[in-house]
Every structure is written in C-alpha cells, then in structure tokens.
Amino acid sequence: MSDPQGSGQGAVIARADHGVSRKDISPNALRVLYKLRDAGFEAYIVGGAVRDLLIGGHPKDFDVATNATPEQVRAQFRNCRLIGRRFRLAHIMFGQEIIEVATFRASGDDDTALVDRQVHEEGHLIRDNVYGTLEEDAFRRDFTANALYYTVEDFSVRDIVGGYADVQARILRLIGDPVTRYREDPVRMLRAVRLAAKLDFSIHATAAEPIPELAGLLASASSARLFDECLKIFLAGSAEKSFLLLERFALLDVLFPDTAKALQTNRTGALRDMLLESLRQTDARVNAGKSVAPGFLFACLLWPAYCRELAILQNSGAELSVAQQRAADRVTLRQVERIAIPRRFSLPMHEIWQLQTRFSQRTRKRVFRLLAHPRFRAAFDFLALRATGIPELAEEVQFWEQAQTMAPEQLAQIIPGQSKPAIGGESAHVPPKRRRRRSKPKTTDG
Ligand code: ATP
Ligand code: MG
C-alpha cells in the first residue's frame, strides 16, 4: 500500500480504508483547505494532526501544507499574517485558533533544493525561500508517521514514505539515514523521545540505536529552542515516561548535566524518587486539565543539582543562607547555557528552593510571614513533594497544611509567640529586611 523506499509518488489511502473523519477536524482547518482548493491550489492537513487522527487522538493544532506560495495564500485570506524570514509561513487567524499554512518545502538547508530568490533593487537578497513538491516536503520531515497528507479533494491520505503502516504499528521511524538526520538537527532525538512517550509509540531500532552516541550533539542546539522543547516534553502529560527515556538514551546528561550527575552520585536514590514523583504529579495535573507553573517544574528538575551544590558549599564551610543563594545561582547559571530558562521562571524556582528551610521555623512572627509570602503555596507544595521521600517531614507538612486553613487568631494560639502575630493583609507589609540570622537551621537534604 505504501512506499517505504520513497522512490515514487507513494500510496493513496482511500477514505474507506482510513479512520480520519471530517467531524474530528477543526472546521477552520477545513475552511482553509476548501478555500485553497477552490482557488486552484493543492492543500493538505499534514504532520502531527493526521497522525493523531489516525490513532483516534485529538490534535492540538492543525497544520496545512500547500503548493501555493505564502503570498498566494495571503491573497486568499483577510485574516492572514506572514511570519518567519527564511521560511515564510502563513498564519490564518480564526479568533484563538491559528491555522499554520506552509508552502511545500524541499529538504531544509540543502543547497540543491529549488530556491526561489527575490532580489531587492539594491541587489541584496530579500527572500530565500526553498520551495518544493509534495514528495520533497514529505522527505524533509522527521518521522514517517509525521509525513502523511490528508486532502478534502477525495478525503484520502497521501503516504509518500510508509507512514501509514508505521502509525498502525505505532512506530517512530526516521525518514532517511538516522545518523544523517540527527546530525542535521539533533533536536530530532528529543522529538523521538517526546513523541514516543506522548503517543505510546516505540522508537524503531534504527532510530533508537544511534541516540546515546549522538546525544552530545544536542549541546550545539540553540538554548532557546531547547527551552521550548523542554516545556513540550514535560508539560504534555507524559513527563515521567519522557524522563525515563531521556535517562535511558543519555540525553538527560546533555539537557540537565548537573541533575544527571547528582542522580548518579545520590546513593539512596531519594533524589531520583522525588523527581519521578514530581513528574507523576505534573502528569496528573496536566491530564486533569490543570496548569503547571514552569518555575515549579524547573524547581523539581534542578532540585537534585541544587542539593548537590548546596552540600558541596556547606562542606567547604559556607554558612547556610550564603550557600543557598550561591548554590541556586551556580546551578542556574550553568543550566541556562543549555536551556534558556527565562528569569520569570528561574526567579520563582529560586524562591521555592530558598523557602524550604523556613518551614522549620515556627515562631508566630515567622509563621505569619511565611504564610503571607507570595510563593508560599508553591513552596509548600514542594515541601509536600519532598516529604514523600523523607518521613520526618510529615509533621511539618501537616502543620503547614493546617496553618493555611486556620483563622489567624486560632493559629496564633497553637504556636509559641515571642511576638504578636501579624494578621492577613498586615503581614504582607512586614519589611522584608528585618530578618535576623538563624542560629542553627536545618539544611535541605533532598
Ligand atoms: P505535536 O503533536 O506535539 O505538535 P507534531 O509532530 O505536530 O507533534 P510539530 O512541532 O507541531 O510536531 O511539527 C509539525 C510537523 O513538522 C511534524 O509532524 C513534522 O512533520 C515536521 N517537523 C517538526 N519538527 C521537525 C524537525 N525537527 N525535522 C523535520 N521535520 C519536523
Ligand atoms: Mg503539531
């Protein structure tokens, strides 16, 4: 039925032979297909959406591929914006939904591709778009399962590289020579892991085998792109499974080197247990439709690294508060070289870490101050997570769990107070600089 060698035009899977139904497709994506067709162009839904529809899933977005140039696409739609420089894409806006329309492209950075150059009067290149045919467009994609094309012409699916059979068998198979394709774009290794975990596909042996050896190439990928990819990996509802695959394929060592090192040297395995528990909880939240704050996620992913650094600093005699600050700074500084975590996420991550030692301080003043801290809830959730591996923390969790629900007067009665409790809004106005140094506080031990 299909054409794994990709020698010709591939196979056409007729409407009667596949399960993709129009009622599962975004009406806006269908509108785009009909409009382009009526204007005389070829247009297909392509990529993840077709793959997901074939396995009965619900695509989160619909991408369209067409033989119309971006300008020709724009001419068809009022609600269209062109984006991108080298590869121009059309975004058709339907309220919240954006349908991305891409012109068929030949292989990425390949100079042999058909190049459509437009030269400005002054002579400099204003556009360098590499367009291609549907067949070429299929071959530049990563996995065969991602290279299926659905058309409203006869509601069939075009399969150029054997993707249909691979989707049926739930296999991720790279198109072309795996080593070449990973060298071209190392992020494909992460996509293999992410898609395998999310879709419950297996990575074909030929695509899996070279990964550990090539993992190091990821270090050359842009840190901004790795940040985006990282959020996709850990916020797709299959974070735990993805993490285990990253570990297995030695990708963790490249993405989170300090965490990987800390996990390898943590003899009890408690840090790994906690991290896996945090990912299970992340998955549970995502799958229940709840949001997950990236700051919290990174606090979990980098906690082993932070604990390790903290221990090193304390062993060399640094005072706890100094060591905490420095450990957080060092871990973050090294991590952002790989993954560009924006400050709006690394700052809450720091706060969550720093607040961990404050849960053991239970004078009235400190209790009310901590409860009023804007990051209290996140830090408390983090404490609860730590407690799953450290039974001694159970009492602390219980205390703070209760403290949150009690009326201030009630709470004031059950805690020893050298000072009057600050209540509600008042407590938020306590000047932050009045903190005194603690004599012998507990350390964070994972
Ligand atoms: P998801 O369901 O998570 O969105 P997806 O496969 O749709 O998965 P996208 O990032 O939306 O992933 O990419 C859309 C399509 O673009 C892919 O299905 C694939 O055909 C192609 N693609 C994306 N990234 C690459 C890459 N690095 N190399 C080759 N093709 C890619
Ligand atoms: Mg997609």
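Before reading on, note that the structure itself is shown above.
First, a word on what this report is: a plain description of the structure on this page. (Residues numbered from 1 in each chain as written. Chains lettered and ligands numbered in written order. Predicted model: local features only at pLDDT ≥ 70, side-chain atom pairs only at ≥ 80, totals over all residues. Heavy atoms only, no water.)

1. Looking at the nonpolar core
Argument step 1. Of all hydrophobic cores here, the largest spans 106 residues; its most connected members are Tyr150, Leu218, Phe234, Leu251, Phe256, Phe298 and Trp353.
Argument step 2. When residues in this core are grouped by element, the largest group, 13 residues, is from helix α15 (residues 294-315).
Argument step 3. Discounting chain neighbours no more than four positions away, the residues touching Phe298 are Phe227, Cys230, Leu231, Phe256, Ile339, Ile341, Met349 and Trp353. (Core = buried A, V, L, I, M, F, W, Y, C linked by side-chain atoms within 4.5 Å. Buried < 20%, exposed > 50% of the residue type's maximum accessible area, 1.4 Å probe, protein only. Helix = DSSP H or I, 4+ residues; strand = E, 2+ residues; numbered from the N terminus. Contact = heavy atoms within 4.5 Å.)

2. Concerning the packing of helix α14 (residues 270-287) against helix α19 (residues 376-387)
Argument step 1. Remark: α14 packs on α19, axes separated minimally by 9 Å, with the N-to-C direction vectors making an angle of 125 degrees. Overall, the two elements α14 and α19 adopt an arrangement that is oblique. Like other packed secondary-structure pairs, α14 and α19 cross with a definite hand, here right-handed. Taken together, the residues of α19 that come into contact with α14 (itself represented by Met274, Glu277, Ser278 and Gln281) are Phe382, Leu385 and Arg386. (Axes fitted to C-alpha atoms, helices over the stretch in contact; angles between N-to-C directions. Parallel < 35°, antiparallel > 145°, perpendicular 65-115°, else oblique. Left-handed = near helix turned anticlockwise from the far one by under 90°.)

3. Side note on the layout of surface pockets
Argument step 1. Reported here for the largest pocket is a volume of approximately 1600 Å³.
Argument step 2. What lines the largest pocket is a set of 46 residues, among which Asp63, Arg140, Arg141, Asp142 and Arg191 lie closest to the centre.
Argument step 3. When residues of the lining of the largest pocket are traced back to their parent elements, those giving at least two are α2 (48-54), β3 (63-66), β5 (89-94), β6 (97-103), α6 (178-184), α7 (187-199) and α10 (223-234).
Argument step 4. Looking at which element gives the most residues to the lining of the largest pocket, the answer is α7, with 6 residues.
Argument step 5. Taken together, the residues of the lining of the largest pocket break down into 15 nonpolar, 7 polar and 24 charged.
Argument step 6. When residues of the lining of the largest pocket are sorted by domain, at least three fall in each of domain 1 (1-175) and domain 2 (177-251). (1 Å grid on protein atoms, 1.4 Å probe; cavity = no way out; pocket = protein on both sides within 12 Å on 5 of 7 lines; lining within 4 Å. Points joined across faces, edges and corners; volume = space filled by probe spheres on them. Nonpolar A, V, L, I, M, F, W, Y, C, P; charged D, E, K, R; others polar. Domains from an automatic or database assignment.)

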